[in-house]
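What follows is the residue order along each chain.
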Amino acid sequence: MAIDINVLLSAQLHDLKNQMQALLNAQSELEDALNLTPEQQSLLEKLHDHSSHLSQRVVELLSVLKMQNQSFKPNIEECWLSDTLSPIVQEFFELHGVNITLDFDEDFNQFYDEQLVNIAVHNACMNAFQAGATAIRIHINELEKGRWQLHIEDNGPGFPDEHLNHENAFTPNGTQNGLGLYLIEQAMHAHKRNQAHGEVRLQNLEHSGAQVTLIFP
Amino acid sequence: MAKIEAMLAGKRILAIDDLVESRSAMKKMLIILGATDVDIAMDGDEATEFILNKDYDIVISDYNLGRGRDGQQILEEARFIRRLKATSTFVMLTGENAMDMVMGAIEYEPDDYVTKPFTIDIMRQRMTRILTTKEQLRPINEAIDRQAHGEVMQLCDEYIKHKPRLKIRVQRIKGRTLMTLKRNEEALALYEEILSEREINWALLGKATCLYHLGKFNESKKLLQYTIKEHPKYVQCYDLLAKIYLKGKDFKSAQNTLLRGTHVSPKQVLRQMELGRIAFANQDLEVAETAFRQSVRLARHSCYRNAKNYLFFAKSLQHKISTTNNRDSRSGSGDALKALDEVKTLYSDTPEYLLEANLIESTTYTNLGKEADAKVAAEKAEKLLSEISNPKSAQQLAMANVFLATNQHAKAQDLLGVISKRKDLSATEAKELERTKNEISEMVVRQYTTDINDKAIAFFERGQLSQAIELLDQATSYKEAGLAVLLNAIQVKITYMDQREASRKMLDEVNDLLQRVGDIPSTDERFQRWELLKKSQERLLRSL
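Residues numbered from 1 in each chain as written. Chains lettered and ligands numbered in written order. Predicted model: local features only at pLDDT ≥ 70, side-chain atom pairs only at ≥ 80, totals over all residues.

Colleague: What am I meant to see in the overall build of chain B here?
Modeller: The number of helices and strands found in chain B is 27 helices and 5 strands. Relative to a compact globule of 544 residues, whose C-alpha radius of gyration would be 24 Å, chain B shows 34 Å and is clearly more extended. Across the 544 residues of chain B, 43% fall into the buried class. Sequence-distant contacts, at least 24 apart, represent 56% of the contacts inside chain B between residues at least 6 apart. (Helix = DSSP H or I, 4+ residues; strand = E, 2+ residues; numbered from the N terminus. Rg over C-alpha atoms; globule rule 2.2 N^0.38 Å. Buried ≥ 20, exposed ≤ 12 C-beta atoms within 10 Å, placed from the backbone. Contact = placed C-beta atoms within 7 Å.)

Colleague: Is there a simple way to think about the overall build of chain A in this case?
Modeller: On a plain count of helices and strands, chain A comes out with 6 helices and 9 strands. Relative to the compact-globule value of 17 Å for 217 residues, chain A shows a C-alpha radius of gyration of 19 Å, a close match. Each principal axis of the C-alpha atoms in chain A carries an extent, and together these give about 55 × 55 × 35 Å. Expressed as a percentage of the 217 residues in chain A, the buried residues total 32%. Of all intrachain contacts in chain A linking residues separated by at least 6 positions in sequence, the fraction that spans at least 24 positions is 67%.

Colleague: Would you mind going over the environment of Met 20 of chain A with me for this structure?
Modeller: Secondary-structure assignment places Met 20 of chain A in helix 1 (residues 5-33). The residues touching Met 20 of chain A, leaving out its near neighbours within four places in the chain, are Ser 51, Leu 54, Ser 55 and Val 58 of chain A.

Colleague: Would you explain the sheet that holds strand 5 (residues 148-154) of chain A in this entry?
Modeller: Through backbone hydrogen bonds, the strands of a sheet pair up, either in parallel or in antiparallel fashion. Residues and elements named next belong to chain A. The strand order 2-4-5-9-8 describes an open sheet built from 5 strands, whose pairing is mixed. Unpaired on one side and paired on the other, strand 2 (99-103) and strand 8 (199-204) mark the two borders of the sheet. Neighbouring strand axes in the sheet, compared pairwise and without regard to direction, differ in orientation by 20 degrees on average. Pairing of strand 8 with strand 9 (residues 210-216), which is carried by 6 bridges, proceeds in the antiparallel orientation. Bridging across to strand 9, Arg 201 finds its partner in Thr 213. Contacting strand 2, strand 4 (135-142), strand 5 and strand 9, helix 4 (residues 114-131) runs over the sheet at an angle of about 20 degrees to strand 5. (Pairing = 2+ DSSP bridges. Axes fitted to C-alpha atoms, helices over the stretch in contact; angles between N-to-C directions.)

Colleague: What is the right way to look at the domain arrangement of chain B in this model?
Modeller: Interfaces are often sized by the accessible area lost when the parts come together. When its domains are assigned, chain B resolves into domain 1 (4-136) and domain 2 (446-543). Centre-to-centre, using C-alpha coordinates, domain 1 of chain B lies 81 Å away from domain 2 of chain B. (Domains from an automatic or database assignment.)

Colleague: For this particular structure, what's the right way to read the domain arrangement of chain A?
Modeller: Residues and elements named next belong to chain A. Here the domain parsing of chain A yields domain 1 (5-67) and domain 2 (77-216). The centre of domain 1, based on its C-alpha atoms, is set 25 Å off from the matching centre of domain 2. At the junction of the two partners, domain 1 supplies 6 residues and domain 2 supplies 10 residues. Considered class by class, the residues forming the side of domain 1 that touches domain 2 number 2 nonpolar, 2 polar and 2 charged. (Nonpolar A, V, L, I, M, F, W, Y, C, P; charged D, E, K, R; others polar.)

Colleague: What exactly am I supposed to notice about the sheet that holds strand 2 (residues 37-41) of chain B here?
Modeller: All names here are of chain B. Taken in spatial order, the 5 strands line up as 2-1-3-4-5 in an open sheet, and their pairing is parallel. Of all the strands in the sheet, just strand 2 and strand 5 (112-115) have a single pairing partner and so form its edges. Strand after strand, the sheet turns through a mean of 20 degrees between neighbouring axes, direction not considered. As paired strands, strand 1 (residues 12-16) and strand 2 are joined by 5 bridges and run parallel to one another.

Colleague: Would you explain the interface of chain A and chain B in this entry?
Modeller: Taken residue by residue, the interface counts 25 residues in chain A and 17 residues in chain B. Elements that contribute at least two residues to the side of chain A that touches chain B include exactly helix 1, helix 2 (38-67), strand 1 (77-80), helix 3 (81-96) and strand 3 (109-112) of chain A. Take the side of chain A that touches chain B: its biggest share by element is 5 residues, from helix 2 of chain A. Each residue belonging to the side of chain A that touches chain B can be placed in one class, and the counts come to 6 nonpolar, 11 polar and 8 charged.

Colleague: Looking at this structure, I do not really get the packing of helix 9 (residues 184-197) of chain B against helix 10 (residues 201-213) of chain B. What am I missing?
Modeller: A pair of packed helices is characterised by two quantities: the angle between their axes and the separation of those axes. All names here are of chain B. Following both chains from N to C, one finds helix 9 and helix 10 inclined at 150 degrees, their axes separated by 9 Å at the closest point. Classified by the angle their axes make, helix 9 and helix 10 are roughly antiparallel. In this structure, the crossing between helix 9 and helix 10 has a hand that is left-handed. Taking contact as the criterion, the partners of Asn 184, Ala 187, Leu 188, Tyr 191, Glu 192, Ile 194 and Leu 195 in helix 9 are, on helix 10, Ala 203, Leu 204, Gly 206, Lys 207, Cys 210, Leu 211 and His 213. In terms of residue class, the contact of helix 9 with helix 10 is made up of 9 nonpolar, 3 polar and 2 charged. (Parallel < 35°, antiparallel > 145°, perpendicular 65-115°, else oblique. Left-handed = near helix turned anticlockwise from the far one by under 90°.)

Colleague: Just checking my understanding: could you explain the pairing of strand 9 of chain A for this structure?
Modeller: Consecutive side chains of a regular strand alternate in pointing toward one face of the sheet and then the other. All names here are of chain A. Taking every second residue as pointing to the same face, the buried face of strand 9 carries Ala 210, Val 212, Leu 214 and Phe 216, while none of Gln 211, Thr 213 and Ile 215 on the other face is buried. Of the pairings in the sheet, the one linking strand 5 to strand 9 comprises 6 bridges and is antiparallel in character. Across the sheet, the residue bridging to His 151 is Thr 213, located in strand 9. Connecting strand 8 to the next strand, strand 9, in antiparallel fashion are 5 residues, including Gly 209 with a positive phi near 100 degrees.

Colleague: What is the right way to look at the nonpolar core in this model?
Modeller: The tendency in soluble globular proteins is for nonpolar side chains to be buried side by side. Counting residues in each nonpolar core, the largest one holds 81 residues, and the members touching the most others are Ala 314, Ala 381, Met 399 and Ala 400 of chain B. Setting aside anything within four residues of it in sequence, one finds Ala 381 of chain B in contact with Leu 355, Asn 358, Leu 359, Ser 362, Met 399 and Val 402 of chain B. (Core = buried A, V, L, I, M, F, W, Y, C linked by C-beta atoms within 7 Å.)

Colleague: How should unusual backbone geometry be read in this particular structure?
Modeller: The phi torsion of most residues other than glycine is negative, and most of the peptide bonds are trans. A positive phi angle is found at Arg 82 of chain B, which is not glycine, with a value near 55 degrees. Inspection of the secondary structure assignment puts Arg 82 of chain B in the loop between helix 4 (71-80) and strand 4 (89-94).

Colleague: Explanation requested: helix 25 (residues 483-499) of chain B in the structure shown.
Modeller: Each α-helix turn comprises 3.6 residues. Residues three or four places apart therefore point the same way. Taking 1.5 Å per residue, 17 residues should reach 24 Å; helix 25 of chain B reaches 24 Å between its end C-alpha atoms and fits that length. Listed in full, the buried residues belonging to helix 25 of chain B are Val 485, Leu 486, Asn 488, Ala 489, Ile 490, Gln 491, Val 492, Lys 493, Ile 494 and Met 497 of chain B. (Expected span 1.5 Å × (residues − 1).)

Colleague: Before we go on, may I ask you to explain helix 5 (residues 120-136) of chain B in this structure?
Modeller: Compared with the 24 Å implied by 1.5 Å per residue over 17 residues, the 24 Å span of helix 5 of chain B between its first and last C-alpha is a close match. Buried within helix 5 of chain B are the following residues: Met 123, Gln 125, Met 127, Arg 129, Ile 130, Leu 131 and Lys 134 of chain B.

Right, dumping it as structure tokens:
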């Protein structure tokens, strides 16, 4: 019997995820048990940040794997955007020193798949960071009948022209940032309402920097 | 938003997780966040115990709790028995993604889900959000707890108008309240309004439920089929769809629909029970057996525990039991007798259940070929039936069948006579009565009357005429009583009157018996005795 690679991957990732959780728990036990100097404490916190980042990535990989499945259906629920995004804000500040500003009402809530939006925003921020951005601003536009847009602006160099015009920008092997953009596109496409799908739009800001817009149907 | 520490301090909190590390980690996390009163439970049984004995403000449960009931069942039961108020908060912890969660009934959904793994920061943020929202909805939830539906409606309308961020949650409460008030037309309009903006699973089910209550079964069915296609984990849809099939008397489709529902969510007791009942009626005993086995196991320590579950389970096992002593038969009879023992222990003060348990036990032994044991159980059942003041026809019919199975045909016939006189038989029961009557063997009844006759002769020979008369009256009450029995009955009565005095009543009885004997040809060896008895009767008549 041939091995179904997806089943195998999924099982391995689940195991990884559980191991990561155990590691995180052990770290916090350790923190409680030891009387650490401030330097040691800071090292342990770093360890914890990286572990927790790894753990998040494993969860993300699991979701990506699921998205590839034919029968995949997103889990569209009412969520609070600031709750969805604050772990990303924290992670980018702690691991990469990037400041992400959430520039919208703390109580803003909408219907979306939290995991998918997390993947989309995380990848957009990662692209920005890798391109050299040091600050990111996230804001929203509320349109009529529950439609809305999420903008991720950075202070980096902006997208190269071929990126903006490249029609294969969103394929897995499109351009340099292909996989990231491909995942964002996939995550948005899964959002569907009354026959309309979610979209991604790329543009450069007037002076400098890039803007990724996630359009929710 | 308010500080989480202030929101958790003094609140009665129950945390449920099957893994010991997760349990203690969660308790620790809650205490760091400001909780002061945290109980922890390891499974559904322990959680139920806690919930029954203490009013909790917040329950946080892992969805997956290993082999026993899951978090969803704990929530449903707690709300079902009204041990968890609308103002209290239930948070479900789920695996890597909530999309794998089985959605429960509209009225039994948790306030929110938190996806694992989570850090203390995520927990702080989530709990703050959940409790803040819950606090904002408090006036509505307090009105729900007071069952002040009018007030709920009024508050819902105010919230929808003035608090747009809470609109969808409040619309959901309003829809539910409208359905409680049986204002289905209005509820339908509300769900349609919600659906025109966004296809939300609970609004789809809400609309289908309204259509069902309004008698629009076909429309409801189509919508449910669509919803199941789009949201295969929304298990409540299977239940309603099955109900619609039942209305249309399509029992097979009802069974198949519920079967699909139990594949999605195997741990829901009420659904397993319903599936078992329908499968049993469809005579699909394999399915019935599995469903009842699950119900018995899942309900054993829950508020859904029910004698009928055990009894049906034992009944659904009978198809496996035979005299061959193979593995199926051994395990089937073992399980059946164990379930019946549980009924006898748990429901020892309910004669109806004890009666049914003994009847099924007797059938189990009959199927095993253990006649003596079958008879012992039948006798216990007979005694229990005699103690029930107004037995139901179904109980009497079941008893009659057990009499037949244990070769007590005469008793069966007596009981069937009683049942025949009842005016409250359903069409099915009347059919069952006829079927049972046809199974009575004349030969067996005649044998029975002959047995009584032998005992009567013994009394007669010892001169105990009253006892002899009593027994022979019993024997001759069967139409199958033979000629010898009839002649003996006449003989005893005449001897009795000869020794004491003739009575009109007894002479009439003798006359009836002679009528039943009819003419005996002179070639018959009993002719002379018959002639003699007739003459004695005439002599006694004259002496009156």
